[in-house]
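# Structure assessment
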Amino acid sequence: MTSTIKVAVLGAAGRMGTNVCAAVEGAADLELVARLDAGDDIAAGLAASGADVVVDFTVPSVTEANVHAAIDAGMHVVVGTTGWDDDSRGRVTDHLARRAAEGVALGVLIAPNFGLSAVLAMTFAAKAARYFESVEVVELHHPDKVDAPSGTARHTARAIAAARAEAGVAPSPDATEDGWEARGMDVDGVRVHAVRLRGLVAHEEILLGNVGEQLSIRQDSFDRMSFMPGVLLGVREVGGRPGLTVGLEHVLDLS
Ligand SMILES: NC(=O)C1=CN([C@@H]2O[C@H](COP(=O)(O)OP(=O)(O)OC[C@H]3O[C@@H](n4cnc5c(N)ncnc54)[C@H](OP(=O)(O)O)[C@@H]3O)[C@@H](O)[C@H]2O)C=CC1
Ligand SMILES: O=C(O)C1=N[C@H](C(=O)O)C[C@H](O)C1
């Protein structure tokens with residue numbers, strides 16, 4: 001008989017956390033052992049839970065501390081929260097290496113987006129990026145989102161920039177002088193624009209242009225249920241992937 005994976009959810013009362021708790025409870029091979037949220041003692045709650053895997057959908061200001069607490073507790077981690085950069089990811093990699101040296105092999109998966117449509121849109125955009133003179137990213141979200149641009153848009157822009165650099169493609173042409181906020185945020189040389197609109201959930205469009213033609217790659221998450229298959233896949237897979245993995249595309253083997 002195979003044993004169930006015990007799961008603790010951080011940010012359990014939030015928009016994503018609520019859905020994750022329900023998805024875990026609905027999966028026969030998973031067991032929800034803790035719902036922790038703001039005001040809880042995360043380290044004590046994790047220690048009491050006996051979780052195998054911790055899922056974090058909290059806020060950018062606390063997610064890194066939560067991940068380190070989970071690693072200290074000897075638990076694998078699946079992270080959907082945004083706000084990560086090279087420095088914070090590096091500290092997680094170092095912490096995992098120290099734990100591995102102690103004989104505790106743990107996996108952390110940080111995925112800016114767990115939606116299949118979003119992961120595929122990012123992958124297709126990176127593949128197309130070398131063939132177009134211009135490329136820009138537009139992300140569109142609900143107005144209760146605390147950060148901008150989205151983690152997905154940053155991840156998309158980074159992947160596009162890396163693909164263009166590898167192919168030796170010139171920067172997108174732009175005659176605008178410096179200081180024009182309307183041109184969006186420069187993420188590794190790719191312009192990213194953020195829309196906040198009541199009624200939206202999570203959406204992204206990547207625009208690629210050449211003389212006389214345009215390719216638009218668009219994905220829409222109309223419901224947070226769209227993220228759940230990816231989250232559950234991450235929970236099932238993270239224990240078999242020691243170290244830090246960034247992006248669900250690596251778990252899906254789309255890279
Ligand atoms: N990777 C992906 O596929 C997706 C990622 N996201 C990201 O997930 C994150 C959460 O989004 P969303 O659910 O919409 O946000 P919510 O604000 O609805 O949920 C966040 C929850 O975390 C709680 N929280 C705050 N501080 C702590 C803490 N120290 N410990 C534990 N819990 C805490 C909040 O409590 P309180 O409200 O009381 O402060 C709240 O209940 C965001 O970064 C978002 O961008 C969202 C959707 C998909
Ligand atoms: O806050 C959200 O809602 C979302 N956040 C993630 C992001 O910033 O990319 C993922 C998705 O876009 C929904």
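Residues numbered from 1 in each chain as written. Chains lettered and ligands numbered in written order. Predicted model: local features only at pLDDT ≥ 70, side-chain atom pairs only at ≥ 80, totals over all residues.

Spelled out, the test is: UniProt positions are given in the numbering used here, feature names are shortened, and annotations may be inferred rather than shown by experiment.
By the naming in an unreviewed UniProt entry, the chain goes by 4-hydroxy-tetrahydrodipicolinate reductase and is assigned to Flavimobilis rhizosphaerae. Here the chain is described in UniProt, under the heading Function (unreviewed entry), as follows: "Catalyzes the conversion of 4-hydroxy-tetrahydrodipicolinate (HTPA) to tetrahydrodipicolinate." What the UniProt record of the chain gives under Subunit (unreviewed entry) is the line "Homotetramer."

## Topic: the site of ligand 1
Put simply, the rule reads: Note on definitions: a residue is near a molecule or strand provided its C-beta atom, placed from the backbone, lies within 6 Å of it. The helix count covers DSSP runs of H or I at least four residues long, the strand count covers runs of E at least two residues long, and both are numbered beginning at the N terminus.
Of all residues adjacent to ligand 1, which total 26 residues, the nearest are Gly11, Gly14, Arg15, Met16 and Gly80. Here the shell around ligand 1 takes 3 residues from helix α1 (residues 15-25), the largest share from any one element.

## Considering the environment of Leu109
To be explicit about the condition: Partly exposed residues are those whose C-beta has more than 12 but fewer than 20 other C-beta atoms within 10 Å; with 20 or more the residue is buried, with 12 or fewer it is exposed, and the C-beta atoms are placed from the backbone. By definition, residues are in contact whenever their C-beta atoms, placed on the basis of the backbone, come within 7 Å of each other.
Within the secondary structure layout, Leu109 lies in strand β5 (residues 107-110). For Leu109, a count of 26 C-beta atoms within 10 Å puts it in the buried group. Each C-alpha atom, one on Leu109 and one on Glu136, is 27 Å from the other, the two residues being 27 residues apart in sequence. The contacts of Leu109, once residues within four sequence positions are left out, are Val78, Val79, Gly234, Val238, Arg241, Thr245 and Val251.

## Observations concerning the sheet that holds β5
The criterion, for reference: Any two strands are treated as partners once DSSP identifies two or more bridges connecting them. Geometry is summarised by axes, namely lines fitted to C-alpha atoms with helices restricted to the contacting stretch, and by angles between N-to-C directions that run from 0 to 180 degrees.
A sheet is described by the order of its strands in space; here 6 strands give the open sequence β2-β1-β3-β4-β5-β11, paired in parallel fashion. Taken across any chain shown, the strands that pair with only one partner, and hence form the sheet edges, are β2 (30-36) and β11 (243-246). For this sheet the average axis-to-axis angle between neighbouring strands, irrespective of direction, equals 20°. Strands β1 (5-10), β3 (53-56), β4 (76-79) and β5 of the sheet are contacted by helix α3 (residues 63-72), whose axis makes an angle of about 160° with β4. Packed on one face of the sheet, helix α4 (residues 86-101) meets β5 and β11 and runs near 150° to β11.

## Details of the sheet that holds strand β7 (residues 185-187)
Across the sheet, which stays open at both edges, the 5 strands sit in the order β7-β8-β6-β9-β10 with mixed pairing between neighbours. In this open sheet, the two strands that pair with only one neighbour each are β7 and β10 (213-221). Each strand of the sheet is rotated relative to its neighbour by a mean of 25°, with strand direction disregarded. Note that strand β9 (residues 202-210) and β10 share 9 bridges and pair antiparallel. Bridging from a neighbouring strand, Asn210 pairs with Glu213 of β10. Running at roughly 160° to β10, helix α5 (residues 116-128) makes contact with β9 and β10 of the sheet. Contacting β6 (134-141), β7, β8 (190-196) and β9, helix α6 (residues 151-167) runs over the sheet at an angle of about 165° to β6.

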